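Survey of secondary and tertiary structure
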Number of protein chains: 2
Amino acid sequence: MVLRFLTAASVAAVMLCAEEGMWTFDNPPIRQLQEKYHFTPTQAWLDHVRLSSVRMNDGGSGSFVSPHGLLLTNHHVARGQLQKSSTAERDYIRDGFYAATEAEEIKAPDLEVNVLVSMEDVTARVNEAVKGAAGAEAEFAARKSVIAQIERESEKQTGLRSDVVTLYQGGEYWLYRYKKYTDLRIVFAPEAQTAFFGGDPDNFTYPRYDLDLALFRVYENGKPIDSTNYLKWNPRGAEDGELVFVSGNPAGTQRQDTVAQLEFERSVREPLILKLLKSRVAALQAYSARGQEQARQAASMIFGLQNGIKAYEGRYRGLQDPALIEKKRKDEQEFRAAVAAKQELESRYGGAWDEIARAEQEAAARIRPLIFEDPDSSLANLARTIVEYVAEIRKPDGKRLRGFHDAQLDSLRFRMFSPAPIYPEFEIARLTASLELAKQELPADDPVLKIVLDGRTPRQAAEALVNGSKLADPAMRKTLVEGGEAAVAASTDSMIVLARKLDPHHREMIHWEEDHVESVEQRAGEQLGRARFAVYGKTTYPDATFTLRLSYGQVKGYPMNGTIAPPKTTFYGLYDRSASFDNKPPFNLPERYVKGRDQLDLATPLDFVTTNDIIGGNSGSPVINRAGEIVGLIFDGNIESLPGDFVYQGETNRAVAVHTAAMTEALKKLYHAQKLLDEMIGGE
Amino acid sequence: MVLRFLTAASVAAVMLCAEEGMWTFDNPPIRQLQEKYHFTPTQAWLDHVRLSSVRMNDGGSGSFVSPHGLLLTNHHVARGQLQKSSTAERDYIRDGFYAATEAEEIKAPDLEVNVLVSMEDVTARVNEAVKGAAGAEAEFAARKSVIAQIERESEKQTGLRSDVVTLYQGGEYWLYRYKKYTDLRIVFAPEAQTAFFGGDPDNFTYPRYDLDLALFRVYENGKPIDSTNYLKWNPRGAEDGELVFVSGNPAGTQRQDTVAQLEFERSVREPLILKLLKSRVAALQAYSARGQEQARQAASMIFGLQNGIKAYEGRYRGLQDPALIEKKRKDEQEFRAAVAAKQELESRYGGAWDEIARAEQEAAARIRPLIFEDPDSSLANLARTIVEYVAEIRKPDGKRLRGFHDAQLDSLRFRMFSPAPIYPEFEIARLTASLELAKQELPADDPVLKIVLDGRTPRQAAEALVNGSKLADPAMRKTLVEGGEAAVAASTDSMIVLARKLDPHHREMIHWEEDHVESVEQRAGEQLGRARFAVYGKTTYPDATFTLRLSYGQVKGYPMNGTIAPPKTTFYGLYDRSASFDNKPPFNLPERYVKGRDQLDLATPLDFVTTNDIIGGNSGSPVINRAGEIVGLIFDGNIESLPGDFVYQGETNRAVAVHTAAMTEALKKLYHAQKLLDEMIGGE
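Here we take up the overall build of chain A. Counting its secondary structure elements, chain A contains 25 helices and 20 strands. For a compact globule of 684 residues, the expected C-alpha radius of gyration is about 26 Å, and chain A comes in at 25 Å, within 12% of that figure. Taking the principal axes of its C-alpha atoms as reference, chain A extends roughly 80 × 70 × 50 Å. Split into buried and exposed, the 684 residues of chain A put 60% on the buried side. Only carbon and sulfur atoms are counted for the fraction: they give 53% of the accessible area of chain A, which is about 26500 Å². Positive and negative side-chain charges in chain A, numbering 83 and 97 respectively, have mean positions lying 1 Å apart.

For the pair of chain copies, the relating transformation is a rotation about an axis with a translation along it. Overlay of chain B on chain A (RMSD 0.0 Å): rotation 180°, translation along the axis 0.1 Å. Considering both components of the superposition, the chain copies are consistent with a two-fold axis. Mapped onto chain A, 100% of the interface residues of chain B again fall at the interface, so both copies present the same surface.

The next thing to look at is the environment of Tyr219 of chain B. Residues and elements named next belong to chain B. Mapped onto the fold, Tyr219 is located in strand S10 (residues 214–220). Each C-alpha atom of the pair Tyr219 and Lys107 lies 9.6 Å from the other, and the pair is 112 residues apart in sequence. Contacts of Tyr219, omitting those with residues within four sequence positions, involve Glu102, Glu105, Tyr181, Asp183, Arg185, Pro224 and Ile225. Here the side chain of Tyr219 touches Glu105 through a polar contact of 2.7 Å, side chain to side chain.

Moving on, we get to the pairing of strand S20 (residues 655–659) of chain B. All names here are of chain B. Of all five residues in S20, five are buried; the element is thus mostly enclosed. Of the pairings in the sheet, the one linking strand S17 (residues 605–610) to S20 comprises four bridges and is antiparallel in character. For Asp607, the partnering residue across the bridge sits in S20 and is Val658. Of the pairings in the sheet, the one linking strand S19 (residues 630–637) to S20 comprises five bridges and is antiparallel in character. When the sheet's bridge partners are listed, Gly637 is paired in S20 with Ala655.

Let us look at the sheet that holds strand S18 (residues 622–624) of chain A. Residue and element names in this part refer to chain A. On the basis of which strands lie adjacent, the open sheet formed by seven strands has the order S13-S12-S18-S19-S20-S17-S16 and antiparallel pairing. Every interior strand has two partners, whereas the edge strands, strand S13 (549–554) and strand S16 (568–570), have only one. For this sheet the average axis-to-axis angle between neighbouring strands, irrespective of direction, equals 30°. Its contacts with the sheet put helix H2 (residues 30–37) on strand S12 (243–248) and S13, and the angle it makes with S13 is roughly 15°.

Moving on: the nonpolar core. The nonpolar side chains of a soluble globular protein tend to be buried with one another. Leu72, Leu211, Phe245 and Tyr593 of chain A together with Leu72, Leu211 and Phe245 of chain B are the most contacted members of the largest nonpolar core, which totals 136 residues. If we ignore the near neighbours within four places in the chain, the residues touching Phe245 of chain A are Leu33, Phe39, Trp45, Leu550, Ser551, Tyr552, Asn612, Pro622, Val623, Ile624 and Asn625 of chain A.

On to the sheet that holds strand S16 (residues 568–570) of chain B, then. Where strands meet in a sheet, backbone hydrogen bonds hold them as pairs that are either parallel or antiparallel. Residue and element names in this part refer to chain B. Taken in spatial order, the seven strands of this open sheet run S13-S12-S18-S19-S20-S17-S16, and their pairing is antiparallel. Looking at which strands have only one partner, the edges of the open sheet turn out to be strand S13 (549–554) and S16. Direction aside, the axes of adjacent strands within the sheet are offset by 30° on average.

Here we take up helix H12 (residues 322–340) of chain A. Residue and element names in this part refer to chain A. End to end, H12 covers 26 Å across 19 residues, agreeing with the expected 27 Å (1.5 Å per residue, within 8%). Among all positions in H12, only Leu324, Ile325, Lys328, Glu332, Phe335, Ala338 and Val339 are buried. The arc that holds the buried residues of H12, viewed along the axis, is 155°, so those residues lie on one side. Turned more than 90 degrees off the buried face of H12, the exposed positions are Pro322, Ala323 and Gln333.

Okay, the interface of chain B and chain A next. On the chain A side, the residues contacting the 33 residues of chain B number 33 residues. At the boundary of chain B with chain A, total buried surface from both sides reaches about 2600 Å², with 53% on carbon and sulfur atoms. The largest contributions to the chain B side of the interface with chain A come from Asn561, Tyr572 and Asp576 of chain B, which together make up 24% of the buried area. The partner of Asp240 of chain B in a salt bridge is Lys584 of chain A, and the shortest N-O contact between them spans 3.9 Å. If you look at where chain B meets chain A, you find 22 residue pairs in polar contact (both at pLDDT 80 or more). Grouping the constituent residues of the side of chain B that touches chain A by class yields 15 nonpolar, eight polar and 10 charged.

Let's shift gears to the packing of helix H15 (residues 378–392) of chain B against helix H20 (residues 474–490) of chain B. Helices that pack against each other are described as a pair by the angle of their axes relative to one another and the distance between those axes. All names here are of chain B. The N-to-C vectors of H15 and H20 enclose an angle of 50°; their axes lie 9 Å apart at closest approach. It follows that H15 is oblique to H20 by the angle criterion. Like other packed secondary-structure pairs, H15 and H20 cross with a definite hand, here right-handed. Between H15, through Leu382, Ile386, Val387, Tyr389, Val390 and Ala391, and H20, the contact on the second element is made entirely by Arg477, Leu480, Val481, Gly484, Glu485 and Val488.

Counted under the stated rule, the structure contains 134 salt bridges over all chains. Ionic pairing is found between Lys107 of chain B and Asp183 of chain B, a salt bridge with its closest N-O pair at 3.3 Å. Within this pair, whereas Lys107 of chain B is found in strand S5 (residues 106–107), its partner Asp183 of chain B is found in strand S9 (residues 183–189), the two being separated by 76 residues in sequence. Counted as one network, the salt bridges with shared partners bring together Glu139, Arg143, Glu355, Arg523, Glu526 and Arg530 of chain A.

Residue and element names in this part refer to chain B. One can find His506 in helix H21 (residues 494–536). Residues His506 and Leu370, 136 residues apart in the sequence, show an inter-C-alpha distance of 9.8 Å. When near neighbours in sequence (up to four residues on either side) are disregarded, His506 contacts Arg384 and Glu388.

Further remarks concern the side chain of Ser377 of chain A. Structurally, Ser377 of chain A can be placed in the loop between helix H14 (352–372) and helix H15 (378–392). Engagement of the side chain of Ser377 of chain A in a polar contact is seen with the backbone nitrogen of Leu379 of chain A, the distance being 3.3 Å.

Residues and elements named next belong to chain A. Along the chain, the position of Gln261 falls in helix H10 (residues 259–288). Residues Gln261 and Gln361, 100 residues apart in the sequence, show an inter-C-alpha distance of 9.8 Å. Apart from residues no more than four positions distant in its own chain, Gln261 is found in contact with Ile356, Glu360 and Glu521.

All names here are of chain A. For the coordinates displayed, the defined rule picks out 40 aromatic pairs over all chains. Geometrically, the ring pair formed by Tyr206 and Tyr558 is tilted, given 6.2 Å between the ring centres and 40° between the ring planes. On the criterion of sequence distance, the pair formed by Tyr206 in the loop between helix H9 (199–202) and strand S10 (214–220) and Tyr558 in strand S14 (residues 558–560) is long-range, its members being 352 residues apart. Members of the aromatic cluster, connected to one another through ring pairs, are Tyr98, Phe188, Tyr593 and Tyr671. When the ring centre of Tyr219 is taken as origin, the NZ or CZ atom of Arg185, which lies over that ring, is 3.7 Å away. The side chain of Arg430 reaches across the aromatic face of Phe426, ending 5.5 Å from its centre.

Attention now goes to the packing of helix H19 (residues 458–467) of chain B against H21 of chain B. Residues and elements named next belong to chain B. Orientation of H19 relative to H21, taken along the N-to-C sense of each, is 115°, at an axis distance of 7 Å. When the interaxial angle is binned, H19 and H21 end up roughly perpendicular. Touching Ala464, Leu465 and Val466 of H19 are Ser494, Met495 and Leu498, all from H21. Looking at the contact of H19 with H21 residue by residue, the class counts come to five nonpolar, one polar and no charged.

Turning our attention to the confidence of the model for chain A. Residue and element names in this part refer to chain A. Model confidence for chain A is summarised by a mean pLDDT of 94, while 98% of its residues fall at 70 or above. Scored below 50 in pLDDT, residues 1–12 makes eight contacts in the model with residues more than four places away or belonging to other chains. We note a pTM of 0.91 for the whole complex and an ipTM of 0.90 for its interfaces.

Below, the discussion takes up helix H12 (residues 322–340) of chain B. For H12 of chain B, the elements touching its buried residues are helix H10 (259–288), helix H11 (292–320), helix H13 (343–349), helix H14 (352–372) and H21 of chain B. Its side-chain oxygen at 2.9 Å from the backbone nitrogen of Ala323 of chain B, Asp321 of chain B defines the N-terminal cap of H12 of chain B.

Turning our attention to unusual backbone geometry. Residues and elements named next belong to chain B. For the bond from Tyr206 to Pro207, the omega torsion is 0°, close enough to zero to count as cis. Here Pro207 lies in the loop between helix H9 (199–202) and S10. In this chain, Pro585 is followed by Pro586 through a cis amide linkage whose omega measures 0°. Positionally, Pro586 belongs in the loop between helix H22 (571–580) and helix H23 (591–595). The phi torsion at Asn221 lies on the positive side, around 55°, for a residue other than glycine.

About the cut-offs
Residues numbered from 1 in each chain as written. Chains lettered and ligands numbered in written order. Predicted model: local features only at pLDDT ≥ 70, side-chain atom pairs only at ≥ 80, totals over all residues. Heavy atoms only, no water. Helix = DSSP H or I, 4+ residues; strand = E, 2+ residues; numbered from the N terminus. Rg over C-alpha atoms; globule rule 2.2 N^0.38 Å. Buried < 20%, exposed > 50% of the residue type's maximum accessible area, 1.4 Å probe, protein only. Areas by Shrake-Rupley, 256 points an atom, 1.4 Å probe, with all protein chains shown as cover. Lys, Arg positive; Asp, Glu negative; His and termini not counted. Charge placed at Lys NZ, Arg CZ, Asp CG, Glu CD. Least-squares fit on C-alpha atoms with pLDDT ≥ 70 in both. Contact = heavy atoms within 4.5 Å. Polar contact = N/O pair within 3.5 Å; in protein donor to acceptor, adjacent residues only side chain to side chain. Pairing = 2+ DSSP bridges. Axes fitted to C-alpha atoms, helices over the stretch in contact; angles between N-to-C directions. Core = buried A, V, L, I, M, F, W, Y, C linked by side-chain atoms within 4.5 Å. Expected span 1.5 Å × (residues − 1). Arc of directions from axis to C-beta. Buried area = accessible area lost by both parts, 1.4 Å probe. Salt bridge = Lys/Arg side-chain N within 4 Å of Asp/Glu carboxyl O. Nonpolar A, V, L, I, M, F, W, Y, C, P; charged D, E, K, R; others polar. Parallel < 35°, antiparallel > 145°, perpendicular 65-115°, else oblique. Left-handed = near helix turned anticlockwise from the far one by under 90°. Phe/Tyr/Trp six-rings, centres within 6.5 Å; stacked < 30°, edge-to-face > 60°. Lys NZ or Arg CZ within 6 Å of the ring centre and 35° of its normal. pLDDT = per-residue confidence, 0-100.

Next up, the structure:
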């Protein structure tokens, strides 16, 4: 009977690191938890955690922490809303904000959040619809169509936001239904200087000393919701070595990518993306230098871009690590050999690797315009969305451009009509800089550039376009959208006129990408996904897709720069790092922290690290103990975690979180927000 | 006239990093100081710094800090003396020590310190004596002989310790005369736990939080000396960006080594050394585990070995860095090309590289016995010294084994008759472990191993040897030495008997090494040293040789692990790091620091980093400002400095020092040693 185990499926198990994995809630890592931690989460535990978790459509995660809709996330996730709610006079980013009563809470301009209420496997239905199609393009169209249909039907039936999610590269398709909230009010935010203490230098590193939290309250029909599923606040937080979970929405990983895809990332895409990001930051910093108000306007965007640069640089370093690529190459060779060993698998899936490699070659040939043609302008983006919107919604759902399917329209309109302010001077600066970069990076006869510049210098074009547009006014956008294709066709708004001229080119680009790259990658990826199931079984987790995932791990220090990074930091460390730099920015402390020092117990744990497998998008995720209580708030990964897009390296990969003890201590003693603590803890 | 500059000497300048260099006091980096810092040290400034500096013959550096012989060095330099002065009942390492009066000061058992009082260039005399010799071996003997003669003459003439120092690989020879002190008394030492806070993990890293200081008082004729040259104590310490100097005794660097020598280090020597060190630490840790008293006995030796392991690992990593070796290869190629370009240089020096490469090959063939035959035992070492001593002193000075020249005998006798305790159980454990390792690493017919074991197991041999020896008693050693060759030949002491048996083999090994490796390396090294002068001029500094050097630099943070390491740390950081590890060893705090916390100004600078170019041996060196005041105390390099043996990498290489502000704060508020501060500051 021993022979029975010598089949390919059993011999070739996927080798996961301890604590690796961003698991879907339908397939949690029960075996691993039992073996290493002797813990078995019940279905009720899993449901409670899932329903307490929130996806923030600004790009992060969050969780309910009181029965009255109080929602905890990161300051840096809330930052966009704080920025949009601030003015030259009231700077909530610099000064923080606390609504002592519900009446004082501030409505967030355009924040949507989603709670995952159900999951349904629709793989069979998708595959059935695709079956007869001839060739990658036809399959792509058929898949797109059936997915839109499933989403539309579900939304009609349930009224819930309904997304078909591709998992395991297309090995599975799931219908995820979300309860959607769009009325969020800002309740609490600390000063940015303490939320993001250490600034860009300390970003993505550890030890850290940040209080990166913000609280919203979720409303429906003008009243705070009853959030029956919420995480009980544990003010003692997590201890060294303790088992903890993170429930949140990792945005994307590429761990199942083929070596050809990784090489495309390394040698083609990432260097261009880094060039683009750095150029944008330089332009925004030049704008900021004009004055305090300009600096305020640009701050959040600079923040986001610098974050992106550091993340991309970490990814890029990972891709250049010979050991990483070597491991990937070896894994792929083993996988290919296992497929090649079975005639049936080889004939169905054996060609997928080469197909992907060919698609990458095609992509490489056209990537420069894709990256550099895009103008950096909120007005231009809105204009493009309006022009596409009025045309797309007249088509059958399955034939529309991505992003314009029925099930997506509510969220799209919410963003399209956002009252967030748009500053003309800022728009001109961004647009000018991006046109200058495009001129540098693209050939003189680039079609988009020719249309946008139209014989003018970048600055002249940017000024004319921004000054000739009224789209900064949400009412104007509404009028155009409501007027439909006729109103858009008749508009003389400069940005709309431009978007109309660029529309054919954009459509051609999208179709080209879908036909030559996406469809091929999707089909080949799906083949690899199925091959992986056939060879290894469903023993692993799918790549991240900005959908809800559960990771497990423990509070744990790690070897760092010749010594050991501690499992946690304390308030002592905050004051040390500030004094170490003579309190110079970005290591300066808000006045409240200087004056309040003696009120604090300085030994209170501030931030801590865990081995949980997370990635961008997990920002704001709760850290949860066995009892289902919240013990921390994810806000970053360490520098060693940045190649995590491609591989999880357990020895040094760490998630960085704010400790609930620090949040409790600061809310109580520095912000005098005992009321919030009472609401969360259930009051004394 | 432009052509004039196009000679090899001008075109090919040695490229030094800013702040690179361990400069001799006869050739300080005046030009660099003027150009970058607009500072010109006067001769009086240089003399004052030199005469305030002290070489500690336990392997470190120090400086006078009061007019009454108060000498500041590191706790870890004083550690050996503290260990030797401690007993099972009074543990000065664990508890620290403070002599409030002179009467309470404790005499250090065997510490010698030297002050460099004069320097004289004797290159011409050495070269003249070597001139006629035929071949490397004859040159080696002639050089050895003339050097011993110069030293002997100088000692007779002046009564000063006189060492001929080889600089620039033999490009220059200098006679260094030292005022020697052997009566040192321990005045102050903090608890080892605060001197070495963070233990082995934090060793060689930064940020650090160590108060690594100790104070001795230097006596002569039973009275404290008048130290007219001393560094004035500046309790404000150094500031970020400030120009600072380090005056101390870097023990050795290999920056002028050829690529062949570096490759020998990398692929042959360092892996064996690391294996030896790790095996010794494992044995000592096993011994420590037997009990508290055993742990106390072994602590300082473990400390030293772990320090060595971490340093060697850092060197080893450096040697494996392709960029480092590549740079070395390129430098060597340029140097060789410049030599080859001139017929005269090529014929004199062009063969040196290949000669060295051949010597390395010879060395590689016999390195294993050289490393693993040496028994780890204080008694065995003393016995060997005695057996060699009584034979050597009967020979003419120039013919003796290294270490036994007239000018060295005083210091040698001081060590040979040291009253420091020797623990039999500890001796047996060390000797057993080293014999076990030798058995593992050497062939069964190794001559030394056969003699030592003599058919016994390692443990049996160790027990018999240790128990059969009375050399732990200094009086016994004195009797033997005074009895001369006859007494030694008649001795039945087990260790002396063994040393007699091993003596012929030891002599053969030393001669083989001198004839086949050292003499070749010396001659070829001297050729390269001269060639370097001919090509580049005397624009650089010689490799370190545990002689006094001056380095310059500035207080400065550096890029570290994705962020910035601060220029300094504070007491806040000490409490943070301790609390971050839940106060577990090696991050626990002495009781005094727990109780005294509220007395301290926690923002006081504790440790700081500078760009000064230092290396092992600089421990205890003063950090000095432009005014010639002491502003800090070197105690370590960061992890990035460890390849500094081979190359100075200015972007990240940092010296780590204790800030005078922290020493002042702690002496005053935690140790209540105001009296010492008054003596140093001259205050009330």
